[in-house]
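Report on the structure
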Amino acid sequence: MDQIDPLADQTFEVGRSFYMRRRWDVAARYFRDALIANPRHLKARLFLGEALLSLGEIDQAVHELEEAFALDREEARLPLARALIANAKVALNEGDEDEALALLNQALDLSPQEYEALDLKADIWSARGNQALEVEDLETALDSFERAGNKEKTGQVRALMQLRALAALENEARAYEGEAQWADAARVYEQLLAQEADEGRKAGWQRSLDRVAGEAELSRLFDEGVNHLEQEEWPQAQGSFAEIVHRRPGYSKNGQTAIRLLETAVKEGQSSAVWRRPFGWIIAFSATVVLLLVLWAVFQAGGKYLPAGLPAAPAGSESSAALFDQPPASTATPSKPAVSPSEQAP
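If you're wondering where the values come from, they're calculated on a predicted model, not measured in any experiment.

Turning our eyes to something else, we now look at the overall build of the protein chain. Helices and strands together make up the secondary structure of the protein chain, namely 16 helices and two strands. Taking all 346 residues of the protein chain together, the buried fraction comes to 33%. Pairs at least 24 apart in sequence give 42% of the contacts found in the protein chain among residues at least 6 apart. As displayed, the protein chain offers around 22300 Å² of accessible surface, 55% of which is attributable to carbon and sulfur atoms.

Structure representation (structure tokens):
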């Protein structure tokens with residue numbers, strides 16, 4: 001509040017008359033004289049600050065207006081904000097963007113709707129965003145454009161970041177495919193599907209996902225089949241490899257083809273089929289014993305019951321009857337010689 005001091009008031013009025021005529025320098029001298037008479041003369045302090053601001057003595061103007069702000073915050077709020085903005089322009093012309101931003105923030109704290117401060121601040125952040133964009137620093141560019149309140153640029157940077165993120169995921173998926181890590185490739189393609197907005201590209205990711213999912217299933221069946229082979233589980237191995245061959249006849253993994261392994265499973269399964277039946281080994285063993293006994297008996301019988309073409313027992317060898325102390329079989333009576341018709345009675 002102004003204290004009543006006639007001399008200070010009179011001096012201030014003289015100074016204000018010069019101020020209204022834009023005689024800033026003369027007005028400033030009278031305002032200082034008024035303040036000497038009354039240091040708490042608020043109007044003299046405010047007008048002095050404005051006069052100094054018009055004279056371009058920015059720092060001194062800010063100082064005087066800060067003194068006035070200490071006397072009356074509401075009265076000095078707007079003049080001080082304008083002085084701070086002017087000081088920010090000076091800093092900006094000198095290339096000190098950080099100082100300019102700090103002064104502009106102070107001005108906006110005093111007067112949030114100071115459009116000049118808002119515009120200057122937006123210009124600084126937009127310039128920083130463009131610089132970051134030139135060197136492809138998208139994170140910094142996005143932050144700068146958001147601070148500038150530049151929605152158009154913010155949207156452009158977000159779109160660019162999205163494209164780069166999708167490209168990185170695509171490269172990751174391709175790398176997994178190259179290493180035949182189908183499950184990991186499928187996981188990344190699922191992320192691409194979730195993040196992609198374009199329907200055309202989304203359909204492409206779905207095809208890629210279906211493809212690697214098929215590869216993963218073939219790989220799983222192959223490993224399953226190999227495991228069944230190692231466990232000598234021939235029918236299960238046949239089932240796994242048959243499914244692979246049905247889907248892709250030429251499929252191979254780790255240098256082995258599915259069709260060759262299927263042949264192995266079939267052959268092994270056929271050779272061991274009898275042994276896989278209930279009591280199969282007993283039946284096979286019994287059949288083998290019976291066959292051996294039959295062959296032995298035939299051999300002892302001198303080959304009488306041998307099939308045509310098989311040699312009989314050699315002459316002079318003992319028969320099976322002799323071996324069991326039985327009398328030998330009687331020999332056949334020699335047949336009479338045939339009589340020729342000339343020797344028959346007349």
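Attention now moves to the packing of aromatic side chains. Applying the stated rule across the entire model yields ten aromatic pairs. Ring geometry for F12 against F47: centres 5.5 Å apart, planes inclined by 75°, an arrangement best described as edge-to-face. With a gap of 35 residues between them, F12 in helix 1 (residues 6-20) and F47 in helix 3 (residues 42-55) connect regions that are remote in the sequence. One aromatic cluster in this structure is built from F12, Y19, W24, F31 and F47. In this arrangement the basic side chain of R21 is found over the ring face of F18, its NZ or CZ atom lying 4.5 Å from the centre. It is R128 that lies over the ring of W125; its NZ or CZ is 5.0 Å from the centre.

We now examine the environment of Q236. Among the secondary structure elements, Q236 is positioned in helix 12 (residues 234-247). Residue Q236 is classed as partly exposed on the basis of its relative accessible area of 40%. Measuring from C-alpha to C-alpha, the distance between Q236 and G225 comes to 7.1 Å, with eleven residues separating the pair along the chain.

Glancing now at the confidence of the model for the protein chain. Confidence in the prediction of the protein chain, expressed as mean pLDDT, is 82, and 77% of residues score 70 or more. Below a pLDDT of 50 lies the segment residues 303-346, which in the model reaches 18 contacts outside its immediate sequence neighbourhood of four places, other chains included.

A complete count under the given rule lists 21 salt bridges for this structure. Among the ionic pairs, E74 bridges to R77, the shortest N-O distance being 3.3 Å. Note that E74 and R77 are positioned in helix 5 (residues 73-93) at a spacing of three residues, about one turn of the helix. One salt bridge in this structure joins E97 and R128, with 2.8 Å as the shortest N-O distance. Placement of E97 in helix 6 (residues 97-110) and of R128 in helix 7 (residues 115-134) is noted, with a sequence separation of 31 residues between them. Taken together, the shared-partner salt bridges connect E170, R174, E177 and R211 into one network.

Another point: the packing of helix 12 against helix 13 (residues 258-271). For the pair helix 12 and helix 13, the least separation of the axes is 9 Å and the interaxial angle reads 150°. Comparing their axes, helix 13 and helix 12 come out roughly antiparallel. The two elements helix 12 and helix 13 meet at a crossing, and its hand is left-handed. Here W234, A237, Q238, F241, A242, I244 and V245 of helix 12 come into contact with helix 13, specifically with A258, I259, L261, L262, A265, V266, E268 and G269. A breakdown of the residues in the contact of helix 12 with helix 13 according to their chemical character gives twelve nonpolar, two polar and one charged.

For the rest of this paragraph, the subject is the side chain of E64. Counting through the fold element by element, E64 comes out in helix 4 (residues 58-71). Look at E64 and you get buried, because its relative accessible area is 7%. Here R45 takes part through its side chain, which lies 2.8 Å from a polar atom of the side chain of E64. Discounting residues that sit within four places of it in the chain, E64 has contacts with L35, R45, L48, G49 and L52.

So, how was this worked out
Residues numbered from 1 in each chain as written. Predicted model: local features only at pLDDT ≥ 70, side-chain atom pairs only at ≥ 80, totals over all residues. Heavy atoms only, no water. Helix = DSSP H or I, 4+ residues; strand = E, 2+ residues; numbered from the N terminus. Buried < 20%, exposed > 50% of the residue type's maximum accessible area, 1.4 Å probe, protein only. Contact = heavy atoms within 4.5 Å. Areas by Shrake-Rupley, 256 points an atom, 1.4 Å probe, with all protein chains shown as cover. Phe/Tyr/Trp six-rings, centres within 6.5 Å; stacked < 30°, edge-to-face > 60°. Lys NZ or Arg CZ within 6 Å of the ring centre and 35° of its normal. pLDDT = per-residue confidence, 0-100. Salt bridge = Lys/Arg side-chain N within 4 Å of Asp/Glu carboxyl O. Axes fitted to C-alpha atoms, helices over the stretch in contact; angles between N-to-C directions. Parallel < 35°, antiparallel > 145°, perpendicular 65-115°, else oblique. Left-handed = near helix turned anticlockwise from the far one by under 90°. Nonpolar A, V, L, I, M, F, W, Y, C, P; charged D, E, K, R; others polar. Polar contact = N/O pair within 3.5 Å; in protein donor to acceptor, adjacent residues only side chain to side chain.

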